[in-house]
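Spelled out from the first residue to the last, the chains are:
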Amino acid sequence: EEERAFIEWYPRGYGVGFKVTRRLFETQTKYQRLELYETEGFGKLLVLDGTVQLVEVGEESYHEVLVHPVMLAHPNPRRVLVIGGGDGGTLREVLKHKTVEKAIMVEIDEGVVEASYLYLDVAKDLLDRLIKGEEERAKLIIGDGVEYLKNTEERFDVIIVDSTDPVGPAKLLFSEEFYRTAYEKLNEKGLYITQAGSVYLFTNELLDAYKAMKKVFDKVYYFSFPVIGYASPWSFLVGVKGDIDFTRVDVSRAPEKLYYYDPERHETLFQMPKYVRELL
Ligand code: AG3
């Protein structure tokens, strides 16, 4: 019997793959090639332009870590912006915080939202309500996050960038100019977080983003986490505006069931292989 697999190829022939039992859907959206597979043991797999976005089993290893550390480090996050994140996993985690009054998600590719709503068990009900405009605390905008942020009158406590890699449509989200816009649109005290790629395989991209953020934010932190489906460890960069200590979190506000991020052990996030830390 022939064994089929989906493999994402990173630089220098490093592969991350899953055995797949069938292809569920494939389309060329306005922005990218979207594929959906059923995997042998990790539920459905969402792929954009050949890169793994998530597997249903284990997606929390990314979404919890992208969302809760900043939400618990900010003293009172009421207004939150998510850029990208069309599958809904990030917004789902944001809305677990009772402090949130209004969250806006700006996703450039309607095709990702639609396919996620139709096929994925990640945030089906939330996406359904968002599409119908029925979610009380959150709003979905289909549009370019860079343009949105430039033009909006809104101000945010937390900005979360849940994008694809810093190539193609997402490239501008990793530029100094964009970081300046984000800084401007944060309230007096605010936190910005972005996924920043594979520590080992996108080290240069991580360094570039870190350097650009350092020019803009009052303080920049980096951390890493093993994410299921990505070439781990995966990196995250946090930009601070004003007086917030990202090494400390309010564990009393932590959502009930967390599987990966451990607020009581927040300090364990900050590990970074020595040679990478020395480059940062
Ligand atoms: N955003 C994708 C992170 C980048 C993955 N990169 C890669 N596999 N080369 C996540 C979408 C989930 N909300």
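Residues numbered from 1 in each chain as written. Predicted model: local features only at pLDDT ≥ 70, side-chain atom pairs only at ≥ 80, totals over all residues. Heavy atoms only, no water.

A. Spotlight on helix 4 (residues 124-132). The complete set of buried residues in helix 4 reads L126, L127 and L130. Projected onto a plane normal to the axis of helix 4, the buried residues spread over an arc of 95° and lie on a single side. Turned more than 90 degrees away from the buried face of helix 4 sit D125 and K132, all of them exposed. Those residues of helix 4 that are buried are in contact with helix 2 (89-94), strand 7 (102-107), helix 3 (110-119) and strand 8 (138-142). Of the residues flanking the end of helix 4, it is G133, one or two places downstream, whose phi is positive at about 70°. (Buried < 20%, exposed > 50% of the residue type's maximum accessible area, 1.4 Å probe, protein only. Helix = DSSP H or I, 4+ residues; strand = E, 2+ residues; numbered from the N terminus. Arc of directions from axis to C-beta. Contact = heavy atoms within 4.5 Å.)

B. Fine view of the pairing of strand 12 (residues 234-241). Most of strand 12 sits out of view: eight of its eight residues are buried. Where burial is concerned, the two faces of strand 12 agree: the one with W234, F236, V238 and V240 and the one with S235, L237, G239 and K241 are both buried. Bridging between strand 10 (residues 186-198) and strand 12 involves eight bridges; their strand directions are antiparallel. For G197, the partnering residue across the bridge sits in strand 12 and is S235. Bridge count for strand 11 (residues 219-225) against strand 12 is seven bridges, and the pairing is antiparallel. (Pairing = 2+ DSSP bridges.)

C. Inspection of the packing of helix 3 against helix 4 at higher detail. Contact geometry of helix 3 with helix 4 gives a least axis separation of 8 Å together with a crossing angle of 130°. Compared by their axis directions, helix 3 and helix 4 come out oblique. Here helix 3 runs over helix 4; the crossing is left-handed. Contacts between helix 3 and helix 4 involve V113, S116, Y117, L118 and Y119 from the first element and K124, L127, D128 and I131 from the second. When the residues that make up the contact of helix 3 with helix 4 are grouped by side-chain class, the tally is six nonpolar, one polar and two charged. (Axes fitted to C-alpha atoms, helices over the stretch in contact; angles between N-to-C directions. Parallel < 35°, antiparallel > 145°, perpendicular 65-115°, else oblique. Left-handed = near helix turned anticlockwise from the far one by under 90°. Nonpolar A, V, L, I, M, F, W, Y, C, P; charged D, E, K, R; others polar.)

D. How the structure looks around the pairing of strand 1 (residues 5-10). Of the two faces of strand 1, the one holding F6, E8 and Y10 is buried and the one holding A5, I7 and W9 is not buried anywhere. Judged from the six bridges that link them, strand 1 and strand 2 (residues 14-28) form a sheet pairing that is antiparallel. Bridge pairing links F6 to F18 in strand 2. Adjacent in sequence and paired antiparallel, strand 1 and strand 2 are bridged by three residues, among which R12 carries a positive phi angle near 60°.

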